[in-house]
Amino acid sequence: MSAPQLIGDWHALLLLFVAGVIPNQIWRMLGLWFGGGIDEGSELLVWVRAVATAILAGVIAQIVVEPSGALASVPDALRYGAVGAGLVVFLLTRRSIFAGVVAGEVFMLAGKWWLG
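Residue positions are given per chain, counting from 1 as you read along its sequence in written order. pLDDT decides what is reported in this predicted model: residues at 70 or higher carry local features, side-chain atom pairs at 80 or more are listed and counted, and totals for whole chains, interfaces and linings draw on all residues regardless. Side-chain descriptors were evaluated using all non-hydrogen atoms of the structure, hydrogens and water having been removed beforehand.

Brief notes about the packing of helix 4 (residues 76–92) against helix 5 (residues 97–115)
Applicable threshold: Angles shown run from 0 to 180 degrees and are taken between the N-to-C directions of axes, each axis being a line fitted to C-alpha atoms and, for helices, limited to the stretch in contact. To qualify as a helix, a DSSP run of H or I must reach at least 4 residues; to qualify as a strand, a run of E must reach at least 2; elements of each kind are numbered from the N terminus. Helix crossings are classified by the rotation of the near helix relative to the far one: an anticlockwise turn of less than a right angle makes the crossing left-handed, while a clockwise turn makes it right-handed. A contact between two residues is defined here by any heavy atoms of the two lying within 4.5 Å. In the scheme used here, Gly and all other residues not listed as nonpolar or charged are polar, with Ala, Val, Leu, Ile, Met, Phe, Trp, Tyr, Cys and Pro taken as nonpolar and Asp, Glu, Lys and Arg as charged.
At a minimum axis distance of 7 Å, the contact between helix 4 and helix 5 shows a crossing angle of 145 degrees. Remark: the crossing between helix 4 and helix 5 carries right-handed chirality. Here L78, R79, G81, A82, A85, G86, V89 and F90 of helix 4 lie close against helix 5, whose contacting residues are I97, A99, G100, A103, G104, F107, M108, G111, K112 and L115. Among the residues making up the contact of helix 4 with helix 5, the classes are represented as 11 nonpolar, 5 polar and 2 charged.

Notes on the UniProt feature "transmembrane region" (unreviewed entry) in the protein chain
Test applied: UniProt positions are given in the numbering used here, feature names are shortened, and annotations may be inferred rather than shown by experiment.
Here the UniProt feature "transmembrane region" (unreviewed entry) sits at residues 12–34, 46–65 and 77–92. As annotated, residues 12–34 has a helix share of 100% and a strand share of 0%, and its two end C-alpha atoms lie 33 Å apart. Along residues 46–65 one finds 100% helix and 0% strand; the C-alpha atoms at either end are 28 Å apart.

Notes on helix 5
Formally: To estimate the expected span of a helix, count its residues, drop one, and scale the result by 1.5 Å. Burial classification: accessible surface area is computed with a 1.4 Å probe over protein chains only, and a residue below 20% of its type maximum counts as buried, one above 50% as exposed, and the rest as partly exposed. This arc is built from the directions going out from the helix axis to the C-beta atoms.
In a regular helix each residue adds 1.5 Å, so 19 residues correspond to 27 Å; helix 5 covers 27 Å between its end C-alpha atoms and thus fits that length. Within helix 5, burial applies to G100, A103, G104, M108 and G111. For helix 5, the buried positions fall inside an angular range of 130 degrees around the axis, keeping them on one side. Among the exposed residues of helix 5, those oriented more than 90 degrees off its buried face are F98, V106, L109 and W113. Where the residues of helix 5 are buried, they touch helix 4. At the exit of helix 5 stands G116, carrying a positive phi of roughly 95 degrees.

Side note on the pattern of salt bridges
Definition in use: By definition here, a salt bridge exists when the distance from a side-chain nitrogen of Lys or Arg to a carboxyl oxygen of Asp or Glu is within 4 Å.
Within the structure shown, the criterion is met by 1 salt bridge. A salt bridge links R79 to D76, with the nearest nitrogen and oxygen atoms 2.4 Å apart. In this pair, R79 and D76 are both assigned in helix 4, 3 residues apart and thus about one turn of the helix distant.

Some points on the packing of aromatic side chains
Geometrically, a pair of aromatic rings is defined through the distance of the ring centres and the angle of the planes. Heads up, the rule is: Pairing of aromatic side chains requires ring centres within 6.5 Å, counting the rings of Phe and Tyr and the six-membered ring of Trp. Pairs whose planes differ by under 30 degrees are stacked, by over 60 edge-to-face, and all others tilted.
Applying the stated criterion across every chain yields a total of 1 aromatic pair. Their ring planes at 45 degrees and their centres at 4.7 Å tell us that W33 and F34 sit as a pair that is tilted. As far as the burial class goes, W33 and F34 line up, both exposed.

Quick notes on the side chain of R79
For R79, a relative accessible area of 3% puts it in the buried group. Sequence-distant contacts of R79, that is, excluding residues within four places in its chain, are made with I63, V64, V65, P67, L71, A72, V74 and M108.

Describing a nonpolar patch on the surface
Stated precisely, the cut-off is as follows: Nonpolar side chains (Val, Leu, Ile, Met, Phe, Trp, Tyr) within 5 Å and like charges within 9 Å form the patches, drawn only from residues with over 30% relative accessible area and no salt bridge. Each accessible area is a Shrake-Rupley result for a 1.4 Å probe, and residues are judged covered by the shown protein chains and nothing else.
A cluster of nonpolar residues, W10, L14, F17, V18, V21, I22, I26, W27, L30, W33 and F34, forms a patch on the protein surface that exposes about 1,200 Å² of accessible area. Tracing the chain through its elements places W27 in helix 2 (residues 10–35).

Description of unusual backbone geometry
For R94, which is not glycine, the phi dihedral falls at a positive 55 degrees. By the secondary structure assignment, R94 is in the loop between helix 4 and helix 5. The phi dihedral of R95 is positive, around 65 degrees, even though this residue is not glycine. The topology assignment puts R95 in the loop between helix 4 and helix 5.

As structure tokens, this is what we get:
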């Protein structure tokens, strides 16, 4: 397989980069610049962390309760089991959201692979 066949339409990739990556990176850099002097224990940062956690919980709840696309073919028990596995890992790793989300994803992928 040649590179053009693998990559596809490079115009679409360029548009994706310009429309998606560049604006996102601008906000990340501004956040880094403005947030560099904020104390991690400040009320503002605690509030921001709480809002981010609530948004993540809402997205996970929506995905588990009302899945769409390919996830709709995953049995309910496997989806709820993945949430439980993620919660257990979250609690065991001193409340690491990243570890909990990764554990839930690995559990779901392994379960789907095992079920066929």
